[in-house]
2 protein chains.
Amino acid sequence: MNNPTLEDIDKIIHEPARLLIVMHLSLVEKADFLYLLAVTGLSKGNLSTHLQKLETEGYVEISKQFLGKKPQTILQLTPKGARKLLEYKITMQNLWDKL
Amino acid sequence: MNNPTLEDIDKIIHEPARLLIVMHLSLVEKADFLYLLAVTGLSKGNLSTHLQKLETEGYVEISKQFLGKKPQTILQLTPKGARKLLEYKITMQNLWDKL
DNA sequence: AGGACTGGTTTGCGATACAAACCTAAAGGA
DNA sequence: TCCTTTAGGTTTGTATCGCAAACCAGTCCT
């Protein structure tokens with residue numbers, strides 16, 4: 001029967017705010033903080049902490065640079081992050097097939 | 001562009017443990033506590049509190065009866081619960097289509 | 001009687017999501 | 001020049017929540 005279990009669901013990605021972030025990053029493959037801020041609709045604090053979480057888990061790479069005199073934070077999905085997103089998608093779609 | 005937002009994701013259903021519960025209930029339309037305990041693999045306490053949450057949100061109806069001398073807790077999805085699950089499914093599938 | 005099992009519920013705690021408050025530096029106005 | 005505002009984030013505080021351990025009422029066994 002092989003019921004779906006909870007362990008199969010990646011909690012890092014499953015969190016809605018992070019799911020949005022990661023999905024957007026997978027579409028553009030590179031983005032800055034303000035872009036994500038706009039497209040996700042998250043608050044700055046919220047976005048910042050979720051990005052940090054994604055970084056410590058190795059899903060996202062955060063790099064900082066200056067654009068003229070303004071600081072800029074660039075985000076991109078790591079290979080691991082991309083893989084995990086794909087796995088998550090498959091897990092969830094399997095779930096739906098049972099429904 | 002109409003980006004998906006966080007508000008669209010039903011947090012009640014989104015929680016993995018509850019998603020499992022609700023999916024199983026949608027398949028059988030009626031189940032007792034011990035059946036759910038087995039198929040979901042949740043701990044008793046965890047199952048109990050999630051069911052209570054689903055009840056207070058009006059997604060699940062909890063009724064208790066005696067089967068011989070043993071107490072038995074019967075669970076079933078309410079119409080609202082069934083509708084919400086369907087909406088959740090659609091929301092998530094729309095999300096995947098963008099990916 | 002008393003110990004173990006059934007069928008759950010309640011309690012305690014650790015983790016987490018979230019926004020408000022904060023911070024540093026640059027730009028603009030008086 | 002000083003002072004206020006804006007940009008671009010980060011840190012802090014809080015309230016919620018998921019989870020399992022502990023608990024509980026009732027039944028069965030011996």
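What you see as residue numbers is a count from 1 along each chain, following the sequence as written. Chains carry letters from A onward and ligands carry numbers from 1 onward, assigned in written order. Restriction of local features to residues with pLDDT of at least 70 applies here, the model being predicted, together with a cutoff of 80 or more for giving and counting side-chain atom pairs; totals for whole chains, interfaces and linings are based on all residues. Water and hydrogen atoms were dropped before computing side-chain values, which therefore reflect all heavy atoms in the structure.

Caption draft 1: Up close: the overall build of chain A. The secondary structure content of chain A amounts to five helices and three strands. Only runs of H or I of at least four residues qualify as helices and only runs of E of at least two qualify as strands under DSSP, and these elements are numbered from the N terminus. Of the regular secondary structure in chain A, the N- to C-terminal order runs α-α-β-α-α-β-β-α. The rule is simple: take the accessible area with a 1.4 Å probe, protein chains only, and divide by the maximum for that residue type; under 20% is buried, over 50% is exposed, in between is partly exposed. Among the 99 residues that make up chain A, the fraction classed as buried is 42%. Put simply, chain A shows about 5500 Å² of open surface, and 53% of that area lies on carbon and sulfur atoms. Asp and Glu count as negative and Lys and Arg as positive, but His and the ends of the chain are not part of the count. Think of each charge as sitting on NZ of Lys, CZ of Arg, CG of Asp or CD of Glu. Here chain A carries 13 positive and 11 negative side-chain charges, and the mean point of each set is 7 Å from the other. Exposure was quantified through the Shrake-Rupley algorithm and a 1.4 Å probe, taking into account, for residues, occlusion by the shown protein chains and nothing else.

Caption draft 2: Representation of the pairing of strand E2 (residues 60-67) of chain A in the model. All names here are of chain A. Should DSSP find at least two bridges between two strands, the strands are taken to pair. As paired strands, E2 and strand E3 (residues 70-77) are joined by eight bridges and run antiparallel to one another. When the bridges of E3 are listed, valine 60 appears paired with leucine 77. Between E2 and E3, which pair antiparallel in sequence order, lie two residues; one of them, glycine 68, sits at a positive phi of approximately 65°.

Caption draft 3: View of the relation of the copies chain B and chain A. Overlay of chain B on chain A (RMSD 0.0 Å): rotation 179°, translation along the axis 0.0 Å. Accordingly, the operation relating the two chain copies is best matched by a two-fold axis. When the interface residues of chain B are mapped onto chain A, 100% of them are again interface residues, pointing to one common binding face. The superposition of copies rests on a least-squares fit of C-alpha positions from residues with pLDDT of 70 or more in both. The criterion used for residue contact is that any of the two residues' heavy atoms lie within 4.5 Å.

Caption draft 4: Geometry of the sheet that holds strand E3 (residues 70-77) of chain B. Residue and element names in this part refer to chain B. The three strands are arranged E1-E3-E2 in an open sheet whose pairing can be described as antiparallel. Of all strands in the sheet, those bounded by a partner on one side alone are strand E1 (31-32) and strand E2 (60-67). For helices, the axis comes from a line fit to the C-alpha atoms of the stretch in contact; other axes are also lines fit to C-alpha atoms, and the angle between any two N-to-C directions lies between 0 and 180 degrees. Sheet strands in contact with helix H4 (residues 44-56) are E2 and E3, and its direction is about 125° off that of E2.

Caption draft 5: Focus on the interface of chain B and chain A. Taken residue by residue, the interface counts 26 residues in chain B and 27 residues in chain A. Here chain B meets chain A over a buried area of about 2400 Å², counting both sides, of which 77% is carbon and sulfur. Just to be clear on terms, a salt bridge is a Lys or Arg side-chain nitrogen sitting within 4 Å of an Asp or Glu carboxyl oxygen. Across the chain B-chain A interface, the total number found is zero salt bridges. Polar contacts here mean pairs of N or O atoms no more than 3.5 Å apart (in protein, one a potential hydrogen donor and the other a potential acceptor; neighbouring residues in sequence count only if both atoms are side-chain atoms). Run the count over chain B and chain A and you get one residue pair in polar contact (both at pLDDT 80 or more). Taken together, the elements giving at least two residues each to the side of chain B that touches chain A come down to helix H1 (11-14), helix H2 (16-28) and helix H5 (79-98) of chain B. When its residues are assigned to classes, the side of chain B that touches chain A shows 17 nonpolar, six polar and three charged. The buried area of a pairing is the accessible area, by a 1.4 Å probe, that goes missing from both parts when the two are put together, added over both. Each residue is assigned to one of three groups, with Ala, Val, Leu, Ile, Met, Phe, Trp, Tyr, Cys and Pro labelled nonpolar, Asp, Glu, Lys and Arg labelled charged, and all others, Gly among them, labelled polar.

Caption draft 6: Inspection of the protein's contact with DNA strand C at higher detail. Near residues are defined by distance, with any heavy atom within 4 Å of the molecule or strand qualifying the residue. The local shell around DNA strand C holds 22 residues, among which Leu34, Lys44, Ser48, Lys64 and Thr73 of chain B are the closest. Considering DNA strand C, the proportion of its atoms within 4 Å of the protein that are sugar or phosphate atoms stands at 71%. Here a base nitrogen of DNA strand C and a side-chain polar atom of lysine 44 of chain B are 2.7 Å apart. Glutamine 52 of chain B places a side-chain nitrogen or oxygen 3.4 Å from a phosphate oxygen of DNA strand C. When residues of the surface near DNA strand C are traced back to their parent elements, those giving at least two are helix H2 (16-28) and helix H4 (44-56) of chain A together with helix H3 (33-40), H4 and E3 of chain B. Broken down by element, the surface near DNA strand C gets its largest block of residues, five residues, from H4 of chain B. Looking at the surface near DNA strand C residue by residue, the classes come out as four nonpolar, ten polar and eight charged.

Caption draft 7: Spatial organisation of the protein's contact with DNA strand D. Lining the immediate environment of DNA strand D, one finds 21 residues, of which Leu34, Lys44, Ser48, Lys64 and Thr73 of chain A sit closest. Residue arginine 18 of chain B places a side-chain N or O atom 2.8 Å away from a phosphate oxygen belonging to DNA strand D. A distance of 3.4 Å separates a phosphate oxygen of DNA strand D from a polar atom in the side chain of histidine 50 of chain B. Listing elements by their share of the surface near DNA strand D, those giving two or more residues are helix H3 (33-40), H4 and E3 of chain A together with H2 and H4 of chain B. Of the residues forming the surface near DNA strand D, the biggest block, five residues, is contributed by H4 of chain A. When the residues that make up the surface near DNA strand D are grouped by side-chain class, the tally is four nonpolar, ten polar and seven charged.

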